[in-house]
Amino acid sequence: MTAAELRLHVPEQDRYAKIMGIGSYRPRRVVDNAEICTLIDSTDEWIRTRSGIRERRWASADETVHMMSLAAARTAVERSGLHPAQVDTVIVSTVTHLWQTPSAAATIASELGATGAAAFDISAACAGFCYGVAMADSLVRTGSSTHVLVIGVERLSDLTNRGDRSTAFIFADGAGAAIVGPSPTPAIGPVVWGSDGDQAHLITQTEPWDRAMDSAGGDSPGGPQWPVLRMDGKPVFKWAAFTMAKAAAEALDRAGGAADEIEVFVPHQANMRITDAMLRALRLPESVVVARDIERQGNTSAASIPLAIDALLASGEARSGQTCLIIGFGAGLVYAGQVIVLP
C-alpha cells in the first residue's frame, strides 16, 4: 500500500476528557517545625514566615513510592466508579523512584490490576501532575486510551539534606492520583507548558549517581555520599511568583475563560508567599477558593496538586463541578497549567 492509498481512521474531534475521580495518600508521620528546629538552626516563626509551613509528612520505611501510589490510585479508581481492569494507561510522575528500571508505572499497573495497561514514568518535577493530566487528556480525546490513571508521587525526604537550613523544612512525601476518562463536554482545558533549561542549576541534585558512587574511593570518608536536593531560593521565588502568574493567565485565556469565572485555584504547593504573589498578579476574585495545603503537608513536588485538590473536596471548601485553575512549576525549570472541572 502506498502513502497515497493509506487512509487513517481517526476519531471525530468532538471527543472530550474529564477527571473522573481523585485519591491521595499522606504518610503517617507528622513532622512539625519544632522537630525541624532540632535539625537546623531556625525557629517555628521563621519557617512559617518564609514558607507558610507548620508541619509536613515524612514517609516511614514501609511507605514506599509504590505503596503510596497504590493507595492513592485505588481510591481514585473507586471514586471513578471503575474496576482497575478498565484502566488502560498508567502515567506516574516522580523524581524519587530510585530504580532506573523498571518504571514505577509498570509495577503499579500490575499490582493494581490494570492488566496490560500502557505504563510509563515521567520526570517533570513539581509540574509533573499537570504534565500527566495534559497527556491523559490528549490520549482520551484521540481515542488512544479510555481511562488513564495519572499519579504524582514523591519521597522527597530521601533526597533532603536535613542539616541544610535553606531546604530541610520544605520537602515532604505523599501521593495523589486521578482518573482521566471520556466526557460529553469539555472538562480539561488546553495545557500551557514549557521549560527554561538555562536555569536548571537553580534546583538540582547535588551530583549524579555515578559520581556519588565513585566517591567511595575518592575524597569522601566513610563510603559513597548520598545525593541531595539543592535550591537557590531567591531566583526560584522570583521566577515562580511572577513568570508563573503569566503562564496561569495564559491557561485561563486558552480555556476561553476570565479570572472572575474561576472558582478554585490550586497552584503547586511550593511556598505560601508564592501563592499570594500569584493571586495578586492574577487578580482572582476574593470568592475564589485557594489551596493552602502546604501549611500541613509541605512541598511534595508532583504530588502536591492532587493532594491539595483532594483535601479541598474532602473539607467541602471545593465542590464537584467547580471550575479550577491548576499550575505546577519546579526543577528543570519546567511548568504546566490548565483549567479543569473538579470531579
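Here, every reference points to the structure presented above.
Worth saying up front: this structure is predicted, and the values here are computed from it rather than measured. (Residues numbered from 1 in each chain as written. Predicted model: local features only at pLDDT ≥ 70, side-chain atom pairs only at ≥ 80, totals over all residues. Heavy atoms only, no water.)

Asks: Just give me the short version of the sheet that holds strand β11 (residues 264-267), but keep the residues and values in it.
Replies: Spatial strand order, β8-β14-β13-β11-β12: 5 strands in an open sheet with mixed pairing. Of all the strands in the sheet, the pair left with one neighbour each is β8 (192-195) and β12 (289-290). As paired elements, strand β13 (residues 323-330) and strand β14 (residues 334-341) share 8 bridges and run antiparallel to each other. Across the sheet, the residue bridging to Gly328 is Ala336, located in β14. The sheet contacts of helix α5 (residues 128-142) involve β8, β13 and β14, and relative to β14 the element is tilted by about 55°. Here helix α7 (residues 233-254) sits on the sheet in contact with β8, β13 and β14, set at roughly 140° to β13. (Pairing = 2+ DSSP bridges. Helix = DSSP H or I, 4+ residues; strand = E, 2+ residues; numbered from the N terminus. Contact = heavy atoms within 4.5 Å. Axes fitted to C-alpha atoms, helices over the stretch in contact; angles between N-to-C directions.)

Asks: Just give me the short version of the side chain of His268, but keep the residues and values in it.
Replies: Take His268: it is sitting in the loop between β11 and α8 (272-282). Within the structure, the side chain of His268 is placed 3.5 Å from the side chain of Asn299, a separation counted as a polar contact. Not counting chain neighbours up to four residues away, the residues in contact with His268 comprise Cys126, Asn299, Ser301, Ser304, Ile305, Ile327, Gly328 and Phe329. (Polar contact = N/O pair within 3.5 Å; in protein donor to acceptor, adjacent residues only side chain to side chain.)

Asks: Residue-level account of the packing of helix α3 (residues 65-79) against helix α4 (residues 104-112), with values.
Replies: Relative orientation of the contacting elements α3 and α4 amounts to 50°, with a least axis distance of 10 Å. Here α3 is positioned oblique relative to α4, judged by the angle of their axes. Crossing of α3 against α4: the hand is right-handed. Residues His66, Ser69, Leu70, Ala73, Arg74 and Val77 of α3 form the contact with α4, whose own contacting residues are Thr107, Ile108, Glu111 and Leu112. Each residue belonging to the contact of α3 with α4 can be placed in one class, and the counts come to 5 nonpolar, 3 polar and 2 charged. (Parallel < 35°, antiparallel > 145°, perpendicular 65-115°, else oblique. Left-handed = near helix turned anticlockwise from the far one by under 90°. Nonpolar A, V, L, I, M, F, W, Y, C, P; charged D, E, K, R; others polar.)

Asks: Tell me about α5, and name the residues and values.
Replies: Spacing of three or four residues puts side chains on the same side of an α-helix, whose turn is 3.6 residues. The end-to-end C-alpha distance of α5, which contains 15 residues, comes to 21 Å, matching closely the 21 Å that a straight helix rising 1.5 Å per residue would cover. Looking only at α5, the buried set comprises Gly128, Phe129, Cys130, Tyr131, Gly132, Val133, Ala134, Ala136, Asp137 and Val140. Once α5 ends, the next one or two residues include Gly143, with phi positive near 85°. (Expected span 1.5 Å × (residues − 1). Buried < 20%, exposed > 50% of the residue type's maximum accessible area, 1.4 Å probe, protein only.)

Asks: Tell me what's going on with the layout of surface pockets, and back it up with residues and numbers.
Replies: Considered as a void within the structure, the largest pocket measures approximately 1300 Å³ in volume. If you list the elements that add at least two residues to the lining of the largest pocket, you get α2 (44-51), β5 (118-122), β9 (203-205), β10 (229-231), α7, α8 and β13. Ranked by residue count, the leading element in the lining of the largest pocket is α7, at 6 residues. Its residues assigned to classes, the lining of the largest pocket comprises 27 nonpolar, 17 polar and 5 charged. Split by domain, the residues of the lining of the largest pocket number at least three in each of domain 1 (16-183) and domain 2 (192-205 + 227-341). For the second largest pocket, the calculated volume is near 240 Å³. Along the wall of the second largest pocket there are 13 residues; nearest its centre are Thr64, Val65, His97, Leu98 and Trp99. Each residue belonging to the lining of the second largest pocket can be placed in one class, and the counts come to 5 nonpolar, 6 polar and 2 charged. (1 Å grid on protein atoms, 1.4 Å probe; cavity = no way out; pocket = protein on both sides within 12 Å on 5 of 7 lines; lining within 4 Å. Points joined across faces, edges and corners; volume = space filled by probe spheres on them. Domains from an automatic or database assignment.)

Asks: Requested: an account of the packing of α7 against α8, with residues and values cited.
Replies: The geometry of a pair of packed helices is captured by two quantities: the angle between their axes and the separation between those axes. Here α7 crosses α8 at 40°, and the two axes come no closer than 9 Å. Accordingly, the angle class assigned to the pair α7 and α8 is oblique. Note that α7 runs across α8; the crossing there is right-handed. Residue-level inspection shows Phe237, Ala240, Ala241, Met244, Ala245, Ala248 and Ala249 of α7 in contact with α8, the latter providing Arg273, Ile274, Ala277, Met278, Ala281 and Leu282. Residues that form the contact of α7 with α8 fall into these classes: 12 nonpolar, no polar and 1 charged.

Asks: Could you give me a rundown of the sheet that holds strand β7 (residues 173-183), with the residues and numbers involved?
Replies: With respect to topology, 5 strands assemble into an open sheet ordered β1-β7-β6-β4-β5, the strand pairing being mixed. A single partner strand is all that each edge strand has here, and the edge strands are β1 (16-25) and β5. The mean angle between the axes of side-by-side strands here comes to 20°, regardless of whether they run parallel or antiparallel. In the sheet, strand β4 (residues 89-93) pairs with β5 via 5 bridges, with the strands oriented parallel. Each bridged residue has a counterpart across the sheet, and for Val92 the counterpart in β5 is Asp121. Taken strand by strand, α3 contacts β1, β6 (148-155) and β7, and its axis lies near 130° from that of β1.

Asks: Before we move on, could you go through a positive patch on the surface and cite the residues and values that matter?
Replies: Taken together, the side chains of Arg50, Arg165, Lys234 and Arg273 define a basic patch exposed on the protein surface. By secondary structure assignment, the location of Arg165 is in the loop between β6 and β7. According to the relative accessible area criterion, Arg165 is partly exposed, its value standing at 38%. (Patch = residues over 30% accessible without salt bridge, like charges linked within 9 Å, V, L, I, M, F, W, Y side chains within 5 Å. Areas by Shrake-Rupley, 256 points an atom, 1.4 Å probe, with all protein chains shown as cover. Salt bridge = Lys/Arg side-chain N within 4 Å of Asp/Glu carboxyl O. Lys, Arg positive; Asp, Glu negative; His and termini not counted. Charge placed at Lys NZ, Arg CZ, Asp CG, Glu CD.)

Asks: Provide a residue-level description of the nonpolar core, including the pertinent values.
Replies: Core analysis: the biggest nonpolar cluster contains 35 residues, and Val180, Val264, Val266, Ile309, Ile326 and Ile340 have the highest contact counts within it. Counting residues per element, the ones that place at least two in this core are β1, α5, β6, β7, β11, α10 (304-315), β13 and β14. With 7 residues, the top contributor of residues to this core is α5. Split by domain, the residues of this core number at least three in each of domain 1 (16-183) and domain 2 (192-205 + 227-341). Setting aside anything within four residues of it in sequence, one finds Val180 in contact with Ala17, Lys18, Ile19, Ala136, Asp137, Val140, Thr146, His147, Val148, Val150 and Ile188. Among the nonpolar cores identified, the runner-up in size contains 27 residues, and Met278, Leu325, Ile327 and Val339 belong to it. (Core = buried A, V, L, I, M, F, W, Y, C linked by side-chain atoms within 4.5 Å.)

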